[in-house]
Amino acid sequence: MKNCLRELRKGRSLNQADLAEALEVSRQTIIAVEADKYDPSLPMAYRLAAFFDVPVEELFFNPWRGASSA
């Protein structure tokens, strides 16, 4: 699932370790989510969205949505 976590984090001048500490997760978790290598749990997605004060749908988006199936 694609996300804009890196952009939001950088927009607040946070490094990955700062964000991880604020959310009580490992830095490796933040790295994996940003790299689209790990889809967070629904509770974690909501925590991230709440932290950045954005809807979950704005933080995470489906790149396949709207794509026509042939």
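In this report, the structure presented in the accompanying data block is examined. Predicted model only: the values in this text are computed from it and were never measured.

What about the packing of helix α2 (residues 16-23) against helix α3 (residues 27-34)?
Step number 1: In the contact formed by α2 and α3, the axes pass within 8 Å of each other and the chain directions differ by 110°. In this view, α2 runs roughly perpendicular relative to α3, as classed from their interaxial angle. Of the two possible hands of crossing, α2 and α3 adopt the one that is right-handed. Between α2 and α3, the contacting residues are Q16, A17, L19, A20 and L23 on the first element and R27, I30, I31 and E34 on the second.
Step number 2: Tallied by class, the residues present in the contact of α2 with α3 amount to 6 nonpolar, 1 polar and 2 charged.

Digging into the nonpolar core
Generally speaking, nonpolar side chains in soluble globular proteins are found buried as a group.
Step number 1: Judged by nonpolar contacts, the single largest core of 16 residues is most densely connected at L5, L19, L23, I30, L48, L59 and F60.
Step number 2: At the level of elements, α2, α3, α4 (42-52) and α5 (56-59) are the ones that each hand at least two residues to this core.
Step number 3: Here this core takes 5 residues from α4, the largest share from any one element.

Concerning α2
Step number 1: Every buried residue belonging to α2 is among Q16, L19, A20 and L23, and all of these are buried. In a view along the axis of α2, the buried residues occupy a sector of 100°, so they form one face of it.
Step number 2: Of the surrounding secondary structure, the elements contacted by the buried residues of α2 are α1 (5-11), α3 and α4.
Step number 3: For α2, the N-terminal capping position is held by N15, with its side-chain oxygen 3.0 Å away from the main-chain nitrogen of A17.
Step number 4: Positive phi shows up at E24, right after α2, with a value of about 60°.

Conventions we followed
Residues numbered from 1 in each chain as written. Predicted model: local features only at pLDDT ≥ 70, side-chain atom pairs only at ≥ 80, totals over all residues. Heavy atoms only, no water. Axes fitted to C-alpha atoms, helices over the stretch in contact; angles between N-to-C directions. Helix = DSSP H or I, 4+ residues; strand = E, 2+ residues; numbered from the N terminus. Parallel < 35°, antiparallel > 145°, perpendicular 65-115°, else oblique. Left-handed = near helix turned anticlockwise from the far one by under 90°. Contact = heavy atoms within 4.5 Å. Nonpolar A, V, L, I, M, F, W, Y, C, P; charged D, E, K, R; others polar. Core = buried A, V, L, I, M, F, W, Y, C linked by side-chain atoms within 4.5 Å. Buried < 20%, exposed > 50% of the residue type's maximum accessible area, 1.4 Å probe, protein only. Arc of directions from axis to C-beta. Polar contact = N/O pair within 3.5 Å; in protein donor to acceptor, adjacent residues only side chain to side chain.

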